[in-house]
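Residues per chain are reported as follows:
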Amino acid sequence: MHPAFSILFFTTLAGAAQGLVVALALAALFGLELAPGFQRDALAVAEVLLVAGLAASFMHLGRKMRAWRAVLMWRTSWMSREVIVLPAFIALVAAWWLALRFGAGGPWSWLLPLLLVAGALALWYCTAMIYACLRFIEEWAHPLTVLNFTLIGLSSGLVLACAMAAAAGEARFVQLFGPWALAVTLGAWAARVQALRRNAGLRHRSSLQSATGIRSERLVQKSMGMSAGAFNTREFFHGASLLALRNVRLGFLLLAFALPSLLLVGGIATAAAWPWLLAVLVQAPGLLAERWFFFAQARHPQNLYYQVVS
């Protein structure tokens, strides 16, 4: 598949924002006392990331003025459900920021964080199911897709939350959520490696024989399918070599998981802010590379026909 950078930015930015909000919500539900200024600043960062991700997703639309129609198929389409859940989640984040800004207490102090945790989980599930429900793309059609979207988003959000807390002097937050950030990052690493192993061992159901109905064991395709580029060749081919794919895979495993994990260990051991801040900077390009590889590794069955483009 051809990775669209608008979707890469949307899924990585929104996932990190969801993880950041979940960390803040859990801190509130656990009764952890945090400076109101820190909470508001962190929620503002999450809101900016969510809105930036939403804006990036619009760049992927052909006719942007018709974007509202995406909600109409909510009964059957996971994308329609995501389009409904995302603005609702953005509104809840804004509502919590306003509640903190104007000192609203009572049930709001636990109801909004609880709704935000549920909303983040629902949004991760809807986003992942857009791809996991496509049975003909076997690299995606597996529960590991949902697990990876959730764990990677939660990992990036926890790392960002701890980095902001360390920079703001919220030592108790880092002490509580720092080990969890490390554990979730290691869990995301393990789940992503498991998905890579599964996809590497796939034996695809579709073949030239099943596509053409010709049952000969030795079947060679002579037609290139297209003599020039078309929608099919642009959207379902990434154009990268096998060497480039291997380098991207190694790069995102190193930047998104391995190096951040080492930095998190240093941050937990030293209680310094710089390992957390450096972990955010290192992990960000790794997350984009991971999401690029997620799309590039998927093999659409139509590529059996459109094999070569002159």
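Overview of the structure. (Residues numbered from 1 in each chain as written. Predicted model: local features only at pLDDT ≥ 70, side-chain atom pairs only at ≥ 80, totals over all residues. Heavy atoms only, no water.)

We now examine the nonpolar core. Most often, soluble globular proteins have nonpolar side chains that are buried together. Ranked by internal contacts, the top residues of the largest apolar core, which has 81 residues, are Leu20, Leu24, Leu50, Phe89, Tyr131, Trp140 and Phe173. Sorting the residues of this core by element identifies helix 1 (5-29), helix 2 (36-58), helix 3 (78-101), helix 4 (108-132), helix 5 (143-168), helix 6 (171-200), helix 9 (242-270) and helix 10 (274-296) as the ones contributing at least two each. Here this core takes 13 residues from helix 5, the largest share from any one element. (Core = buried A, V, L, I, M, F, W, Y, C linked by side-chain atoms within 4.5 Å. Buried < 20%, exposed > 50% of the residue type's maximum accessible area, 1.4 Å probe, protein only. Helix = DSSP H or I, 4+ residues; strand = E, 2+ residues; numbered from the N terminus.)

Our next topic: the environment of glycine 153. Inspection of the secondary structure assignment puts glycine 153 in helix 5. Here glycine 153 falls in the buried class, since its relative accessible area comes to 4%. Along the chain, glycine 153 and alanine 17 lie 136 residues apart, while their C-alpha atoms are 7.9 Å from each other. Discounting chain neighbours no more than four positions away, the residues touching glycine 153 are Gly15, Ala16, Gly19, Trp124 and Asn148. (Contact = heavy atoms within 4.5 Å.)

This part covers a nonpolar patch on the surface. Taken together, the side chains of Leu29, Phe30, Trp110, Leu114 and Leu176 make up a nonpolar region of the molecular surface, amounting to roughly 490 Å² of accessible area. Tracing the chain through its elements places tryptophan 110 in helix 4. With relative accessibility at 45%, the residue tryptophan 110 sits in the partly exposed group. (Patch = residues over 30% accessible without salt bridge, like charges linked within 9 Å, V, L, I, M, F, W, Y side chains within 5 Å. Areas by Shrake-Rupley, 256 points an atom, 1.4 Å probe, with all protein chains shown as cover. Salt bridge = Lys/Arg side-chain N within 4 Å of Asp/Glu carboxyl O.)

The next subject is the side chain of glutamine 297. Looking at where glutamine 297 falls in the secondary structure, it is placed in the loop between helix 10 and strand 2 (308-309). Once residues lying within four places of it in the same chain are set aside, the contact partners of glutamine 297 are Glu139, Leu196 and Asn199.

Next up on the list: the packing of aromatic side chains. Enumeration over the complete set of coordinates arrives at 12 aromatic pairs. Taking the centre distance of 5.2 Å and the plane angle of 10° together, the rings of tryptophan 140 and phenylalanine 294 count as stacked. Taken together, the positions of tryptophan 140 in the loop between helix 4 and helix 5 and phenylalanine 294 in helix 10 put the pair 154 residues apart, joining distant regions of the chain. Here the two residues tryptophan 140 and phenylalanine 294 agree in accessibility, since each one is buried. A connected cluster of aromatic rings, assembled from ring pairs, spans Tyr131, Trp140, Phe149, Phe294 and Phe295. We note arginine 291 situated over the ring of phenylalanine 149; from NZ or CZ to the ring centre the distance is 4.2 Å. (Phe/Tyr/Trp six-rings, centres within 6.5 Å; stacked < 30°, edge-to-face > 60°. Lys NZ or Arg CZ within 6 Å of the ring centre and 35° of its normal.)

With that settled, the discussion passes to the layout of surface pockets. Size it by volume and the second largest pocket reaches roughly 680 Å³. Considering the residues around the second largest pocket, the lining is formed by 28 residues, among which Glu139, Ala296, Gln297, Ala298 and Arg299 are closest to the centre. Looking at the lining of the second largest pocket, the elements that each hand over two or more residues are helix 6, helix 9 and helix 10. Per element, the largest residue contribution to the lining of the second largest pocket is four residues, and it comes from helix 9. The residue makeup of the lining of the second largest pocket, split by class, is 14 nonpolar, nine polar and five charged. (1 Å grid on protein atoms, 1.4 Å probe; cavity = no way out; pocket = protein on both sides within 12 Å on 5 of 7 lines; lining within 4 Å. Points joined across faces, edges and corners; volume = space filled by probe spheres on them. Nonpolar A, V, L, I, M, F, W, Y, C, P; charged D, E, K, R; others polar.)

What follows is about helix 3. Three- or four-residue spacings in an α-helix give side chains the same orientation, since the helix completes a turn every 3.6 residues. Along its 24 residues, helix 3 runs 34 Å from first to last C-alpha, staying within 8% of the 34 Å computed at 1.5 Å per residue. Along helix 3, the positions that sit buried rather than exposed are Ser80, Glu82, Leu86, Phe89, Ile90, Val93, Trp96 and Ala99. On its buried face, helix 3 is in contact with helix 1, helix 2 and helix 4. Structurally, the start of helix 3 carries an N-cap: the backbone nitrogen of methionine 79 is 3.2 Å from a side-chain oxygen of serine 77. (Expected span 1.5 Å × (residues − 1). Polar contact = N/O pair within 3.5 Å; in protein donor to acceptor, adjacent residues only side chain to side chain.)

Look at alanine 271: it is not a glycine, yet its phi comes out positive at around 60°. Along the polypeptide, alanine 271 turns up in the loop between helix 9 and helix 10. Taking relative accessible area as the criterion, alanine 271 reaches 70% and is therefore assigned exposed.

Under the definition given, this model contains two salt bridges. As a salt-bridge pair, glutamate 290 and arginine 291 come within 3.1 Å of each other at their nearest N and O atoms. Linked by salt bridges that have partners in common, Arg192, Glu290 and Arg291 make up one network.

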